[in-house]
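Structural description and commentary
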Amino acid sequence: MRSSWTGTVLFLCSVIVAAAGIQPGTNCSHTVTPAHLENSYMGLQQFHAARLNRVKREWVIPAIKFPENDRGPYPKFMVKIKSSKEDKVAVTYKLTGPGADQPPEGVFTLDRRSGALYVTQPLDRERTAKYGLWAHALNNGVKAEQPMELIIDVIDQNDNNPEFTQNPFYGEVSESADVGDSVMTVTAVDKDDPQTNNAIIRYVKSQIPQTSEGDMFAINPVSGTISMMAGGLDRETHPEYRLIIVAADMEGDGLTATCTAVITVTDSNDNAPQFSVKSISASVPENEVGVEVVRLKVTDADESGSPNANTKYAIIQGNDAGQFSIAAGPSKMEGIITTAKETDFESIPVFTLLVVVTNEVPFSGPLSTSTCTVTVSVVDKNEPPDFNPAEIHKVISEGAAVGSSVVDVRATDPDTARNQTVRYEIQNDTARWLSIDQRSGAIRVRTSMDRESHSVRDSKYTVLVLAYDDGSVPATGTGTLVVSLLDVNDNRPVIKQRKVSLCNSEPSPALLDIVDLDGPGHAGPFTVELLGEQRINWTVGVNSTSNVAALAPKRELSPGDYNVLMRIYDVDMLYQDSTLDVEVCQCRGAVSSCFIPHSVPRLHIPSLTTTVLGTVLVALILLLLLLLFLRRKWRLKKDVPLLEGAPRDNIFYYDEEGGGEEDQEYDLSHLHRGLDNRPLVFCTDVVPAESRPTYCRQPKANEDISKFLEENLHVADHDPTAPPYDSLLVFDYEGAGSEADSLSSVNSSDSDEEQDFQSLNHWGPRFSRLADLYTRGTDEHDDTETLPGKTEWV
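Overview of the structure. (Residues numbered from 1 in each chain as written. Predicted model: local features only at pLDDT ≥ 70, side-chain atom pairs only at ≥ 80, totals over all residues. Heavy atoms only, no water.)

Description of the overall build of the protein chain
Convention followed: Helix and strand definitions here come from DSSP, where helices need a minimum of 4 consecutive H or I residues and strands a minimum of 2 consecutive E residues; each element is numbered from the N-terminal end. Any two residues having at least one pair of non-hydrogen atoms within 4.5 Å are treated as being in contact. To be clear on the numbers: accessible area is Shrake-Rupley with a 1.4 Å probe, and residue cover counts the displayed protein chains and nothing else.
Looking only at helices and strands, one finds eight helices and 46 strands in the protein chain. For the protein chain, long-range pairs separated by at least 24 residues make up 66% of all intrachain contacts whose partners lie at least 6 apart in sequence. Looking at the protein chain as shown, the accessible area adds up to about 47600 Å², and 53% of this sits on carbon and sulfur atoms.

So, in structure tokens, the structure goes:
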């Protein structure tokens, strides 16, 4: 234990000497001063206490301090290590750890025989501030003692200048900033040991430009904060300041660095906008909205395009009724006045407006505003007459008499100073029911009106009434007349259907819609009755709520077509007879498809009476044929023929009907053989050479249509160019000879005795008188001949 302790003391002595900055020699005792011994003694006591407390570890060495940037020479001795077992056994030394056998390798070396520790190169605290090494004592490669830790602290030197974090620094300050307001902070750093003065920085500044007021900014030497030193910044005069900042370590006495701080003075609204002119005159036409009146230019010394320079406007006087409005233009540096309401020259011919201008943001301080006086003259124009009210409602009966009064319309001319006359006209009178007096505006019924006309909507007939003055450029006002037509029972009810189908067995009734164009009160409920013998075969009923009639047969009818005559009454007993075609089909119930047997003739058999009338008619025809036959037999007994070749005033039956299959081939050459012989003959129109008069194609403005038609009719009556023209017309050409016999070949007898006119007595009273004129007591003669190709029907 005694030898181990001795070794420890020797080791500590060497370490203490090295730590004190004394170059150790061969023997520690001759280099240690009393002060060093005292310190060593205290260290030994601390070490001895640690030695007593720790059993496993025998070496406790304080940190070894070595200055950075030492000039050498290298390798340079630092400390010597010696084991207490060196006297007993052969001991070799070894050094491990960062800086020895680990990166950065080779910074420190240890003599394996003597235990001397060397540094091989200058140290840099900013790169590595502390090294931790381990010293090993070995005997033939085997551990002789526990490894000992060596801590080497690098002592800082002021070898680094301060460095600013950026260069330049930028900051902004409002021109309205107060004294003491912070502007910005500059920062510099130093890589030296912050626990020493080597890294303690102080700041100073200088200002560019220098002003008459002196320095405007101050800098905190410790924090680097720049603040306002004086007020009165003016962006419009000095928009920017530059400060040269110097940072020095060693509390301002060491190494230095320099940077620039650029301070931009931002705008504040410290300048009021000003009108370019203080008064201006303009004019505007009356009754026009949205018309630009004038543009007011302004200037502002504040930053262009910023809210401090952008302007807004207000009319503070002369615009009580709100006829005008003002807004900033696109550039925000002009005010545009426009009309917001219609102006009236007759009411106010001149407006005097007072306009004030401000900025979009409030002023930064008390400022006086700029105003401009705008004189606006209203230009008079011809205004149209005005209807009051613009829409007139009138209620009359659709049966109002022609010429009766409807309403008197009035329109007033707002241009009172012009003393103009107002005239009236009706437009959109599609049915032409109304007329108006051009001077008085009295509207009357022109033609009969019809509430059920297509020109009427919801019982209302609407027309436009125009009122126009007699100015150089006439102005026209428009009013609306709405005539509500009261219904009159002028339409008869009818059955909508014209034909229906029913089954002949157990038929479903035919539902008939009753239509009456009149309105409520003059239409339903309806009454339907069957006329005459229709009641024998048919029955009809009416649904008063739905205006539907149900028709059904009373008995099973034969299939065929029937005509049913009905009379329909409206609520006022105004009636209309309607005939309905009923198709009776061979089916049961409701008709899905109609079938009528071919054996049943499709005759219109309306009723039993029709059948009886048909029978009577057939009997009369048979009786007439019998009489004709007897007459024929009686006339054949006559021996005296008629005049030879003389025409007979009788009715003849020609035995050719034409249009049949045997009469399709006609020889039409007889109709135009004359023209075939003369192909050069044609019709030539001779058109007059006079000029054609001018027709008016459409009515003039405010012209009555009847006058328009009369004028055109008069022109047409006196138009020499209107057809038919004076022309040569050839209808037929007979030729040189005619194949027809002359009419003179028909002989007529001068003797009345050869003619029989008594037969005229059979053709009624009119022919009897003619027979009396020609007969004069002649005997009856019988014609034994008839004309060829004819059959006498008498």
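Further notes follow.
Topic: the pattern of salt bridges
The criterion, for reference: Salt-bridge detection follows one rule: a side-chain nitrogen of Lys or Arg within 4 Å of a carboxyl oxygen of Asp or Glu. The cut-offs for exposure are 20% and 50% of the maximum accessible area for each residue type, with area from a 1.4 Å probe on protein chains only; residues under the lower value are buried, those over the upper are exposed, and the others partly exposed.
One pass over the full model with this rule turns up 16 salt bridges. Between Arg125 and Asp156 there is a salt bridge, with the nearest N and O atoms lying 3.1 Å from each other. Residue Arg125 is found in the loop between strand E5 (116-119) and strand E6 (130-139), and its partner Asp156 is found in the loop between strand E8 (148-155) and strand E9 (163-164); the two are separated by 31 residues along the sequence. Residue Arg125 is classed as buried on the basis of its relative accessible area, which comes to 12%.

Topic: the nonpolar core
Formally: The set of buried Ala, Val, Leu, Ile, Met, Phe, Trp, Tyr and Cys residues whose side-chain atoms join them within 4.5 Å is what this entry labels a nonpolar core.
Ranked by internal contacts, the top residues of the largest apolar core, which has 26 residues, are Phe164, Val173, Tyr203, Phe217, Ile226, Ile245 and Ile263. Of all the elements in the fold, those that place two or more residues in this core are strand E10 (169-174), strand E11 (182-185), strand E14 (217-219), strand E15 (225-228), strand E16 (240-248) and strand E17 (256-266). Tallying contributions element by element places E17 first for this core, with five residues. Filtering out sequence-adjacent residues up to four positions away, Ile245 remains in contact with Phe164, Val186, Tyr203, Val204, Lys205, Ile219, Ile226, Ala257, Thr258, Cys259 and Ala261.

Some thoughts on the state of the cysteines
Filter applied, for reference: Cysteine sulfurs are considered disulfide-paired once they come within 2.5 Å of each other.
Taken as a whole and assessed by the stated rule, the structure comprises one disulfide. Across a sulfur-sulfur distance of 1.9 Å, Cys503 and Cys587 are joined as a disulfide pair. Taking the sign of the S-S torsion, about -105 degrees here, the bridge from Cys503 to Cys587 comes out left-handed. With Cys503 in strand E36 (residues 499-505) and Cys587 in strand E42 (residues 575-588), this pair connects stretches of sequence that are 84 residues apart. For the pair Cys503 and Cys587, one class covers both residues: buried.

A closer look at a nonpolar patch on the surface
Threshold: For patch detection, residues must exceed 30% relative accessible area and be free of salt bridges, and they are connected within 9 Å for like charges or within 5 Å for nonpolar side chains (Val, Leu, Ile, Met, Phe, Trp, Tyr).
A grouping of Val616, Leu620, Leu623, Leu626, Leu627, Phe629 and Leu630 is seen on the molecular surface, where their side chains present a nonpolar patch of about 680 Å² in accessible area. As for its position among the elements, Leu630 is in helix H5 (residues 608-636).

What about the sheet that holds strand E41 (residues 560-569)?
Strand pairs in the sheet, formed through backbone hydrogen bonds, run parallel or antiparallel to each other. We apply this condition: Only strands that DSSP links by at least two bridges are regarded as paired with each other. Working convention: axes come from line fits to C-alpha atoms, limited for helices to the stretch in contact. Angles between N-to-C directions cover 0 to 180 degrees.
Read across the sheet, four strands follow the order E36-E42-E41-E38 without closing on themselves; strand pairing throughout is mixed. Of all the strands in the sheet, the pair left with one neighbour each is E36 and strand E38 (527-530). On average, each strand axis in the sheet is inclined to that of its neighbour by 40 degrees, with strand direction left out of account. Across six bridges, E36 lies against E42 in parallel orientation. Its bridge partner lying in E42, Ser505 is registered against Arg588.

Re the packing of aromatic side chains
One pair of aromatic rings is described through two measures. These are the centre distance and the angle between the planes. Convention followed: Planes of paired rings set the category: under 30 degrees apart is stacked, over 60 is edge-to-face and the rest tilted, where pairs are Phe, Tyr or Trp rings (Trp by its six-membered ring) whose centres lie within 6.5 Å.
Tallied over the entire structure, the rule returns 11 aromatic pairs. When the ring of Phe164 is compared with that of Phe169, the centres are 6.3 Å apart and the planes differ by 75 degrees; the resulting orientation is edge-to-face. Considered together, Phe164 and Phe169 belong to a single accessibility category, that of buried residues. Their ring planes at 70 degrees and their centres at 5.3 Å tell us that Phe217 and Tyr241 sit as a pair that is edge-to-face. One end of the pair, Phe217, is in strand E14; the other, Tyr241, is in strand E16, and 24 residues separate them in sequence. Tyr241 sits in the buried class, given a relative accessible area of 3%. One aromatic cluster is present, built from ring pairs that chain together Phe164, Phe169 and Tyr203.

Observations regarding the layout of surface pockets
Definition in use: Grid points spaced at 1 Å and placed over the protein atoms alone form the basis of the search, with a cavity being a set where a 1.4 Å probe fits but cannot get out and a pocket an open set showing protein on both sides within 12 Å along at least five of seven lines. Lining residues have an atom within 4 Å of a point. Grid points are joined across faces, edges and corners, and a volume is the space filled by probe spheres set on the points. Ten residues, namely Ala, Val, Leu, Ile, Met, Phe, Trp, Tyr, Cys and Pro, are considered nonpolar, four, namely Asp, Glu, Lys and Arg, are considered charged, and the remaining ones, Gly among them, are considered polar.
Considering only enclosed or pocket space, the largest pocket measures out at about 530 Å³ in volume. Glu425, Ile426, Arg446, Glu703 and Asp704 are, among the 19 residues lining the largest pocket, the residues nearest its centre. Within the residue set of the lining of the largest pocket, elements represented by two or more residues are strand E30 (423-427) and strand E31 (434-436). Among the elements that make up the lining of the largest pocket, the one with the highest residue count is E30 (four residues). Class assignment for the residues of the lining of the largest pocket results in seven nonpolar, five polar and seven charged.

Thoughts on the side chain of Glu286
Put simply, the test is: We call two N or O atoms a polar contact when they sit within 3.5 Å, provided that within protein one can donate a hydrogen and the other can accept it, with sequence-adjacent residues counted only if both atoms are side-chain atoms.
With respect to the helices and strands, Glu286 occurs in the loop between strand E19 (279-285) and strand E20 (292-299). A polar side-chain atom of Glu286 sits 2.8 Å from the main-chain amide nitrogen of Phe345. Not counting the four nearest positions on each side in its chain, Glu286 is found in contact with Thr343, Asp344, Phe345, Glu346, Val378, Val379, Asp380, Lys381, Glu383 and Asp415.

Here we look at the sheet that holds strand E37 (residues 510-515)
Taken in spatial order, the four strands make up an open sheet running E35-E37-E40-E39, and their pairing is antiparallel. Each of the sheet's edge strands pairs with one partner strand only, and the pair in question is strand E35 (494-495) and strand E39 (538-543). As defined by bridge partners, E35 adjoins E37 across two bridges and the pair is classed as antiparallel. Opposite Val494, over in E37, you have Val515 as the bridge partner.

Details of unusual backbone geometry
The peptide bond linking Pro103 to Pro104 adopts the cis configuration, its omega dihedral lying at -5 degrees. For Pro104, the location among the structural elements is in the loop between strand E3 (92-96) and strand E4 (108-110). A cis geometry characterises the amide bond from Asn167 onward to Pro168, with omega recorded as 5 degrees. Of note in this structure, Asn287 is not a glycine but carries a positive phi near 65 degrees. Its location among the elements puts Asn287 in the loop between E19 and E20. Among the residues examined, Asn287 registers a relative accessible area of 23% and is labelled partly exposed.

Focus on the environment of Arg498
Residue placement: Arg498 occurs in the loop between E35 and E36. Owing to a relative accessible area of 53%, Arg498 belongs among the exposed residues under this scheme. Remark: the alpha-carbon pair of Arg498 and Leu580, spanning 82 residues in sequence, is separated by 5.5 Å.

A closer look at the environment of Thr339
Along the polypeptide, Thr339 turns up in strand E23 (residues 334-339). The exposure class of Thr339 is buried, given its relative accessible area of 2%. With sequence-adjacent residues up to four places away left out, Thr339 is seen in contact with Val284, Glu288, Val289, Gly290, Val291, Val293, Gln323 and Phe324. Of the polar contacts made by the side chain of Thr339, one reaches the backbone oxygen of Glu288; its length is 2.9 Å. Among the polar contacts listed, one links the side chain of Thr339 to the backbone nitrogen of Val291, at a separation of 3.0 Å.

Treat this as a map of the structure, not an account of what it does.
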